[in-house]
Amino acid sequence: MKNLVILSGAGMSAESGIKTFRDTGGLWEDYSIEEVATPEGYAKNPELVIRFYNERRKQLKDVEPNVGHKILGELEQHFNVTVITQNVDNLHERGGSKNVIHLHGELIKVCSSRDPQNPKLVRELSEDEYDVKMGDLSEDGSQLRPFIVWFGEPVPKIEEALDIVRSADIFVIIGTSMNVYPAAGLLNYVPARAEIYLIDPHPVTVNTNRTIHVIAKGASEGMEELKKILGV
Ligand code: APR
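Residues numbered from 1 in each chain as written. Predicted model: local features only at pLDDT ≥ 70, side-chain atom pairs only at ≥ 80, totals over all residues. Heavy atoms only, no water.

### Some points on the environment of Thr 176
Part 1 of the reasoning: If you trace the backbone, Thr 176 turns up in the loop between β7 (170-174) and β8 (195-199).
Part 2 of the reasoning: Judged by relative accessible area, which is 6%, Thr 176 ranks as buried.
Part 3 of the reasoning: Residues Thr 176 and Gln 86, 90 residues apart in the sequence, show an inter-C-alpha distance of 8.4 Å.
Part 4 of the reasoning: Not counting residues up to four positions away in its chain, the partners in contact with Thr 176 are Leu 7, Gly 9, Gln 86, Asp 200 and Val 204.
Part 5 of the reasoning: One polar contact links Thr 176 to Gln 86, side chain to side chain, over a distance of 3.0 Å.
Part 6 of the reasoning: Polar side-chain contacts of Thr 176 include one of 3.1 Å to the backbone nitrogen of Met 178. (Helix = DSSP H or I, 4+ residues; strand = E, 2+ residues; numbered from the N terminus. Buried < 20%, exposed > 50% of the residue type's maximum accessible area, 1.4 Å probe, protein only. Contact = heavy atoms within 4.5 Å. Polar contact = N/O pair within 3.5 Å; in protein donor to acceptor, adjacent residues only side chain to side chain.)

Right under this line is the structure:
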């Protein structure tokens, strides 16, 4: 089976009702990145940051994977699929994808404030624990924090993602503005033999001299079209 590698971003989940970040009406219009998505913001006002992610986490109970997520899940019958996602929601998994690398963390998990990237201190919450409170502690005695990779923090999963990208026969970019590194830089590691597709309803500026087959549609329609192109 060929290796199909996906790089997804917020647009993948837009049709499920989760806001993107940089579109008109996106999350970064309502919130400041510095306040809710940096370690400095967290140090300054942990309560605000914990509440912000509690809201995002709570929303997971009200949303469902869309057709795009589901087609990706189905493609596992025909390809070795790995999804590298910048999304922190769990819709890829719920759409049937088994190999998902979350570059920017996962909403359903928490970690230690003192040692956020220590895998031993990362824990998945049960649904009744979704509302994290100030005073809820990690095993090391520090405040439980959202397991999210914030701006300015290392992206530990990037090495694993790089290895996967290097093995791609087909590489598909879906629903990301390609603004955030190192995720956007993964494109540079796609082998020359691989075809590259980009699914996004809006124009995306991509920094490459490679040929990119653009499917200018939303995630669900775009995935339907990709399925046809791939002949499955
Ligand atoms: N289907 C597919 N793509 C869509 C759809 C849709 N229905 N609607 C919007 N999009 C596209 C937009 O055109 C845009 O190119 O999704 C992209 C969303 O871009 P961003 O909001 O910048 O999100 P993303 O690229 O995932 O952001 C990367 O930045 O804020 C941080 O850590 C956060 O993981 C996030 C990272």
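### Points about the packing of aromatic side chains
Part 1 of the reasoning: Taken as a whole, this structure holds five aromatic pairs when the rule is applied.
Part 2 of the reasoning: On the numbers, 5.2 Å between centres and 45° between planes, the contact of Tyr 42 with Trp 150 is tilted. Taken together, the residues Tyr 42 in helix α3 (residues 39-44) and Trp 150 in the loop between β6 (144-148) and α7 (158-166) connect sequence positions 108 residues apart. Trp 150 shares its class with Tyr 42; the two are buried.
Part 3 of the reasoning: Ring plane angle 45° and centroid distance 6.1 Å describe the contact between Tyr 53 and Trp 150, whose orientation is recorded as tilted. Remark: Trp 150 occurs in the loop between β6 and α7 and Tyr 53 occurs in helix α4 (residues 46-59); sequence separation between them is 97 residues. (Phe/Tyr/Trp six-rings, centres within 6.5 Å; stacked < 30°, edge-to-face > 60°.)

### Some thoughts on the site of the ligand
Part 1 of the reasoning: Surrounding the ligand, one finds 23 residues, the nearest of these being Arg 22, Trp 28, Thr 176, Ser 177 and Asp 200.
Part 2 of the reasoning: Contact between the ligand and Gly 11: a nitrogen atom at 3.2 Å from a main-chain N or O atom of the residue.
Part 3 of the reasoning: Here Ser 177 contributes a side-chain N or O atom positioned 2.5 Å from an oxygen atom of the ligand.
Part 4 of the reasoning: Protein chains shield 92% of the accessible area of the ligand, which is 740 Å² for the free molecule.
Part 5 of the reasoning: In terms of residue class, the shell around the ligand is made up of nine nonpolar, 10 polar and four charged.
Part 6 of the reasoning: Of the residues that make up the shell around the ligand, three or more belong to each of domain 1 (1-17 + 66-104 + 155-232) and domain 2 (19-62 + 113-148). (Near = heavy atom within 4 Å. Areas by Shrake-Rupley, 256 points an atom, 1.4 Å probe, with all protein chains shown as cover. Nonpolar A, V, L, I, M, F, W, Y, C, P; charged D, E, K, R; others polar. Domains from an automatic or database assignment.)

### Remarks on unusual backbone geometry
Part 1 of the reasoning: Following Tyr 181, the chain continues into Pro 182 via a peptide bond in cis, with omega recorded as 5°.
Part 2 of the reasoning: By the secondary structure assignment, Pro 182 is in the loop between β7 and β8.
Part 3 of the reasoning: Even without a glycine there, the phi angle at Met 178 is positive, about 55°.

### A look at the sheet that holds strand β9 (residues 213-215)
Part 1 of the reasoning: Sheet architecture is open: six strands sit in the order β3-β2-β1-β7-β8-β9, paired in parallel fashion. The open sheet is flanked by β3 (100-102) and β9, the only strands paired with a single partner. With strand direction ignored, the average angle separating the axes of adjacent strands in the sheet is 20°.
Part 2 of the reasoning: Examined bridge by bridge, β7 and β8 share five bridges and lie parallel to one another. The residue bridging Phe 171 from the neighbouring strand is Ile 196, located in β8.
Part 3 of the reasoning: Across the sheet, helix α8 (residues 219-230) is in contact with β7, β8 and β9; its angle to β8 comes to roughly 155°. (Pairing = 2+ DSSP bridges. Axes fitted to C-alpha atoms, helices over the stretch in contact; angles between N-to-C directions.)

### Comments concerning the sheet that holds β6
Part 1 of the reasoning: Taken in spatial order, the three strands of this open sheet run β5-β4-β6, and their pairing is antiparallel. Both outer strands of the open sheet, β5 (123-124) and β6, are each paired with one neighbouring strand and no more.
Part 2 of the reasoning: Across four bridges, strand β4 (residues 105-112) lies against β6 in antiparallel orientation. Pairing of Cys 111 across the sheet is with Arg 145, part of β6.

### Description of the domain arrangement of the chain
Part 1 of the reasoning: What the domain assignment lists for the chain is domain 1 (1-17 + 66-104 + 155-232) and domain 2 (19-62 + 113-148).
Part 2 of the reasoning: Taking the mean C-alpha position of each, domain 1 and domain 2 sit 25 Å from one another.
Part 3 of the reasoning: Where domain 1 abuts domain 2, roughly 850 Å² becomes buried across the two surfaces, and 58% of that area is made up of carbon and sulfur atoms.
Part 4 of the reasoning: Our count for the contact surface shared by domain 1 and domain 2 stands at zero salt bridges.
Part 5 of the reasoning: Inspection of the domain 1/domain 2 interface yields two residue pairs in polar contact (both at pLDDT 80 or more).
Part 6 of the reasoning: Residues that form the side of domain 1 that touches domain 2 fall into these classes: five nonpolar, seven polar and two charged. (Buried area = accessible area lost by both parts, 1.4 Å probe. Salt bridge = Lys/Arg side-chain N within 4 Å of Asp/Glu carboxyl O.)

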